[in-house]
Amino acid sequence: MEIKIDKMNLTDLDKISNILNTDFDDFWNYNIFKTELENKNSKYIVAKIDNEIVGFAGIWIAIDEAHITNIVTKKIYRKQGIGKILLENLIILSNKLHLHSITLEVKQSNIPAIKLYEKYGFENLGIRKNYYKGKEDAIIMTKLLSNK
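Residue numbering note: each chain is counted from 1, following its sequence as written. Totals for whole chains, interfaces and linings use every residue, but because this is a predicted model, local features are given only for residues with pLDDT of at least 70 and side-chain atom pairs only at 80 or more, for both listing and counting. Where side-chain values are given, they derive from all heavy atoms of the structure, hydrogens and water being excluded.

## Quick word on the pairing of strand 2 (residues 42-49)
Consideration 1: The buried label goes to any residue with under 20% of its type's maximum accessible area, the exposed label to any with over 50%, and the partly exposed label to all in between, with areas taken from a 1.4 Å probe on protein chains only. Starting at the N terminus, helices and strands are each numbered in turn, a helix being any DSSP run of H or I of at least four residues and a strand any DSSP run of E of at least two. Most of strand 2 sits inside the fold, with seven of its eight residues counted as buried.
Consideration 2: Pairing between strand 2 and strand 3 (residues 52-62): eight bridges, direction antiparallel. Its bridge partner lying in strand 3, Val46 is registered against Phe56.
Consideration 3: The antiparallel hairpin formed by strand 2 and strand 3 contains two residues in its connecting segment, where Asp50 sits at a positive phi of about 50°. Each pair of strands is called paired provided DSSP finds at least two bridges between the two strands.

## So, unusual backbone geometry
Consideration 1: Although it is not a glycine, Asp50 sits at a positive phi angle of roughly 50°.
Consideration 2: Despite not being glycine, Lys133 has its phi angle at roughly 55°, a positive value.
Consideration 3: Relative to the helices and strands, Lys133 resides in the loop between strand 6 (123-132) and strand 7 (136-144).
Consideration 4: Judged by its relative accessible area of 65%, Lys133 falls in the exposed class.

## Regarding the sheet that holds strand 7
In sheet architecture, strand pairing relies on hydrogen bonds along the backbone and comes in two forms, parallel and antiparallel.
Consideration 1: Taking strand neighbours across the sheet as the criterion, the seven strands line up as 1-2-3-4-5-7-6 in an open arrangement whose pairing is mixed. The sheet terminates laterally at strand 1 (4-7) and strand 6, the two strands that pair on one side only. Each neighbouring strand pair of the sheet contributes to a mean axis angle of 25°, computed without reference to strand direction.
Consideration 2: Judged from the seven bridges that link them, strand 5 (residues 101-107) and strand 7 form a sheet pairing that is antiparallel. Residue pairing in the sheet places Ile102 in a bridge with Lys143 of strand 7.
Consideration 3: We call two residues contacting when some pair of their heavy atoms lies within 4.5 Å. To obtain an axis, a line is fitted to C-alpha atoms, over the contacting stretch when the element is a helix, and the angle between two such axes runs from 0 to 180 degrees between their N-to-C directions. Sheet contacts for helix 3 (residues 30-38): strand 2 and strand 3; angle to strand 2, the most-contacted strand, approximately 110°.

## Section: the environment of Asn70
Consideration 1: Mapped onto the secondary structure, Asn70 falls in strand 4 (residues 65-73).
Consideration 2: Each C-alpha atom of the pair Asn70 and Glu2 lies 22 Å from the other, and the pair is 68 residues apart in sequence.

## Describing the packing of aromatic side chains
Consideration 1: Each Phe, Tyr or Trp ring, with Trp reduced to its six-membered ring, pairs with another whose centre is within 6.5 Å; inter-plane angles below 30 degrees give stacked pairs, above 60 give edge-to-face pairs, and intermediate values give tilted ones. Applying the stated criterion across every chain, the model contains four aromatic pairs.
Consideration 2: Put simply, the rings of Phe33, Tyr44 and Phe56 touch in pairs and so form one group of aromatic residues.
Consideration 3: Charge over a ring is defined by NZ of Lys or CZ of Arg lying within 6 Å of the ring centre and within 35 degrees of the ring normal. Looking at Lys107, its charged tip hangs above the ring of Tyr132, at a distance of 5.5 Å from the centre.

## Topic: helix 3
Consideration 1: Of all the positions in helix 3, only Phe33, Glu36 and Leu37 are classed as buried. In an axial view of helix 3, the angular spread of the buried residues amounts to 95°, which keeps them on one side of the axis.
Consideration 2: Of the surrounding elements, those touching the buried residues of helix 3 are helix 1 (10-16), helix 2 (20-23), strand 2 and strand 3.
Consideration 3: Any pair of N or O atoms that falls within 3.5 Å is considered a polar contact. Within protein, one atom must be able to donate a hydrogen and the other to accept it, and sequence-neighbouring residues count only if both atoms are side-chain atoms. Where helix 3 begins, the capping side chain belongs to Asn29, and its oxygen is found 3.0 Å from the backbone nitrogen of Asn31. Arc definition: directions from the helix axis to the C-beta atoms.

So, in structure tokens, the structure goes:
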């Protein structure tokens, strides 16, 4: 299974628009995502297998910092390392952009994701109370990048 990483564009979004909430997660709707892709301070990538979009991830850029907005894998492709590949590519992209650090929030209950982030050098900075839909706390994690 060869996974290809590309810059995400509006054509990619159109390809997944009808399955965005069912096959991925109900994180954003089409219009919000479209606005993200048109924002010059946002960068998104897609993971493809045989031209099928199986995952996507993005960052917001503020001065010299990246903030991971999401890393999402299509439900039927989860637990196959696609999230790890997307994370690695966000780190590479952030280094190429000469950013100083990457920050993210992760559900406190998402132990596999937390362990993945720790493996890549992210450190726990604290908690955002009731961050997810006003119900679940988020752990704030950050990683300093090596290019500065």
